[in-house]
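If you want the building blocks of each chain, they are given just below.
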Amino acid sequence: MEATKLTRPRWMRPASFAMAGALALVGLAGCSASGGDEGVTEIEFWGWVPGLEDLVDTWNEENPDVQVSFHRMTGDDGQKVEVAVDGGAGPDLVQLSTHNLPDYVIQERVVEITEWVADEEENYTPASWASVSFDGGVYGIPQGIGPAGMMYRADILEQHGLEIPTTWDEYLETARALHAANPDVYIANMSPSEIGQWVQEIQQAESSWYSIEGDAWKLGVNDEGSKLVAERWQTLLDEGLVTTEQMWTPEYWALVNNGTIATVSYAAWFPTILAENAAETSGLWKVAPLPVNEGSTNSGDSGGAAVIVLKNSEHPAEAAEFAAWLNGSDETQDTLITVGGLFPSTQNGLASEALLSESEFYGGQVVNEVFIESAENTPATWVEGPNFGTIQTAILDEFAKVVTGEQTFLEALDRAQAAGVADLESRGLSVVD
Amino acid sequence: MSVALPRASRRRFSGAGRPWVPYVFIAPFVALFLVFLVAPILVAVVNSLYSRQSSGLGFGGTEVEFIGLDNFARAIGDADFLAGFGRVALYGIVQVPVMMALAAALALLFDTALVRGRKFFQFAVFLPYAVPGVIAALLWGFLYQPSVSPLLQALRGIGIHADLLAPGTVLWSVANVSLWSYTGINMIILFAALQTVPREIYEAAKLDGASEFRIAVGVKLPMIAPAILLTTLSSIIGTLQLFNEPQVLQTVTANIASDWTPNMAIYAASTLGKNPNLASAMAVLLGLATLIVSVLVLRLSNRTTKRATDGL
């Protein structure tokens, strides 16, 4: 379901129900380091974006000297990569959530590729390039970001004569009006298992789990921005205005399909998934900007991905060159956007016409116009840091107890903060309060 | 001389001149045992004493440091990890007796002449065991979700609103999956044990005027006590190792936390928390707990088996 992700991308989400079977059934696929025939360099690449097979074929035709083999990641492949790399093997290239990149750098699993890709920087959005840069080095090529928007049931709002909420205060009012008008309808589902939805809203509030003070990390799991978001959802929860199903389950999609849930706020890659899983509601949905906080125009982002060169690669230069081509060249952008469903982190991708196609499911709306604006309004305040996974797990475990009423969001955040600090300290990292 | 031949053949049978022969025969077992059981345990024990340490922001690389028993102290100090033990204990105290009682009752029932279509029903009871645990959990996962479960929809039809994934009920929903999966195999083992009991004993009991029920409880059960204790022991160990079912059901409910059982906590520490050293210490603790429980059960079982067979 694994895993839980554009913090972990959807297709390798351990939290996805059907994938749980795959997780346990899929064996360890070959993780050999690259080698090969004389004269031909072989590169092994693991990734999850749909359509990568075709792009790899295109590269292999154009580059007979550097042949790339592709493995589609499912289930817990991401964890297998870590084990393989630590054991001295693993593929040359892997796709990774940028939230996890600091760990890869700290654990020395990733190769610094600055010398081969430094001139690519100008084609990438500053925020995405920053997400792969640490301590002055470049450790990956960005591959898509997750600016947030709000998918909403236009028919339901219209039926009750409600306006599209543009601020979170209006959102709360709409939630109350909606539920009062029809007790079977809820403004949203607060999934205690979905870290991406949390991350996009705390980023909107200019919170960051990590920041650097001198030579030490500072954790902000319960900082001001996070508290603002916590109070918002506490109110919605306390007043019974949201459902609390776990996202991605059959139960969740049933609620989406039968009109129980009126809005879903999530990243640019979500509209495609919604269309796939709620086909019978085609034409009823629209996409609006994520509601904003009072006095701000900020939007949020749940996180992006990158393609990185792993440390046991025998051909890091060729691998980096392929990664740069894959994510940045003009000929790959349309496929990544239309087939891959990526929201580009590249300038040539943002300029691509493929981004502005109309979507039938959303009543002919050009939904990416919303996400382009969202990307422009995302504050550059989020800092990636070590052990995202531990904080993520701590938060989700605590949130589960919030939706059952055992504790509040604020208490959950305090506990997750404490768990995060303890974890970093146990690794010998410097942490300031 | 005719001496050479017999000597050669005697050697072939006794191996007297080749003392290494027995070792060759057990070598495959010993090799696999060492490589896949002893070595991993040693590696886990060694790993549990170290920690990968960074400094400052962490970008200067890591060093592996010997930290003694700090990982153990941290594991034992983790209330959620300990709560996992309590959870599987509660689960085991209920699930194992219920399952064993069910398996024994079914085995005794199939052992009587009263049952028609015995082969079919035995197969039906055993079949869930052939379904991999993960698939079983997926199947039940659907049945536990109100909007997609025909079971819960039927219950709602008669006015019962059951939430099988609530904090208070989810433990028993997991237990139900295990019960469904493993009752069959335990029934088969007990039934097989019953077939080895000499029929004359039953006849003797019958002649003494014992009813079928009296024979079942007073004769059959004591006779298969060793099999009952074996299956109970492996069920208890299985309970301590509980992982597949809750890990899968975790994808449909947030009420199963990442460290819900000890094994899940170990998995979470190593993969989600990326701390294999801490996970090793936790695994060693779980192994010790399993060892202690196994020894206790075996002690207890040896005593009761002896008493049961002495009584006959």
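Residues numbered from 1 in each chain as written. Chains lettered and ligands numbered in written order. Predicted model: local features only at pLDDT ≥ 70, side-chain atom pairs only at ≥ 80, totals over all residues. Heavy atoms only, no water.

**Side note on the pairing of strand E9 (residues 210-213) of chain A**
Residues and elements named next belong to chain A. Note the cut-off: Here, any two strands with at least 2 DSSP bridges between them count as paired. Runs of E in the DSSP output that reach at least two residues are strands. Runs of H or I that reach at least four are helices, and both are numbered from the N terminus.
Bridge count between E9 and strand E10 (residues 216-219): four bridges; the pairing is antiparallel. Pairing of Glu213 across the sheet is with Ala216, part of E10. Connecting the antiparallel pair E9 and E10 is a turn made up of two residues, with Gly214 showing a positive phi of about 65 degrees.

**A closer look at the pattern of salt bridges**
All names here are of chain A. Our working rule: Here, a salt bridge means any side-chain nitrogen of Lys or Arg that lies within 4 Å of a carboxyl oxygen of Asp or Glu. Think of it in three bands: with a 1.4 Å probe and only protein chains considered, a residue is buried below 20% of the maximum accessible area for its type, exposed above 50%, and partly exposed in between.
As enumerated under the stated definition, the model contains 14 salt bridges over all chains in all. In this structure, Arg72 engages Glu53 in a salt bridge whose closest nitrogen and oxygen atoms are separated by 2.9 Å. Of this pair, Arg72 sits in strand E2 (residues 66-72) while Glu53 sits in helix H2 (residues 52-62); the two residues are 19 residues apart in sequence, bridging distant segments of the chain. The class of Glu53 is partly exposed, set by a relative accessible area of 33%.

**Topic: the environment of Tyr171 of chain A**
Residue and element names in this part refer to chain A. So the rule is basically this: Whether two residues are in contact is decided by their heavy atoms, any of which lying within 4.5 Å being enough.
Within the secondary structure, Tyr171 sits in helix H8 (residues 168-181). For the pair Tyr171 and Arg232, spaced 61 residues apart in the sequence, the C-alpha separation amounts to 9.9 Å. If near-sequence neighbours (up to four positions away) are discounted, Tyr171 is found in contact with Met150, Pro165, Ile187, Ala188, Trp233, Leu236, Thr263 and Pro291.

**A word on the packing of aromatic side chains**
Just so we agree on the cut-off: Centres within 6.5 Å are what make two rings of Phe, Tyr or Trp a pair, Trp counting through its six-membered ring; a difference in plane orientation under 30 degrees is then read as stacked, over 60 as edge-to-face, and the rest as tilted. Should the NZ of a Lys or the CZ of an Arg lie within 6 Å of a ring centre and within 35 degrees of the ring normal, that charge is described as sitting over the ring.
What the rule picks out here adds up to 32 aromatic pairs over all chains. Measuring from centroid to centroid gives 5.4 Å for Tyr50 of chain B and Phe66 of chain B, while their planes differ by 80 degrees, and the two rings are edge-to-face. Of the two residues, Tyr50 of chain B sits in strand E1 (residues 50-53) while Phe66 of chain B sits in strand E2 (residues 63-66), which places them 16 residues apart along the sequence. A relative accessible area of 56% means that Phe66 of chain B is categorised as exposed. Their ring planes at 65 degrees and their centres at 5.4 Å tell us that Phe243 of chain B and Tyr267 of chain B sit as a pair that is edge-to-face. Placement of the pair is Phe243 of chain B in the loop between helix H11 (225-240) and helix H12 (244-249) and Tyr267 of chain B in helix H13 (residues 262-272), with a sequence separation of 24 residues. The class of Phe243 of chain B is partly exposed, set by a relative accessible area of 22%. Taken together, the ring pairs in this structure connect Trp248, Tyr252, Trp253, Tyr266, Trp269 and Phe270 of chain A into an aromatic cluster. The ring of Tyr104 of chain A has Arg109 of chain A lying over it, and the distance from NZ or CZ to the ring centre is 5.2 Å. The ring of Tyr202 of chain B is capped by Lys220 of chain B, whose NZ or CZ atom sits 4.9 Å from the centre of that ring.

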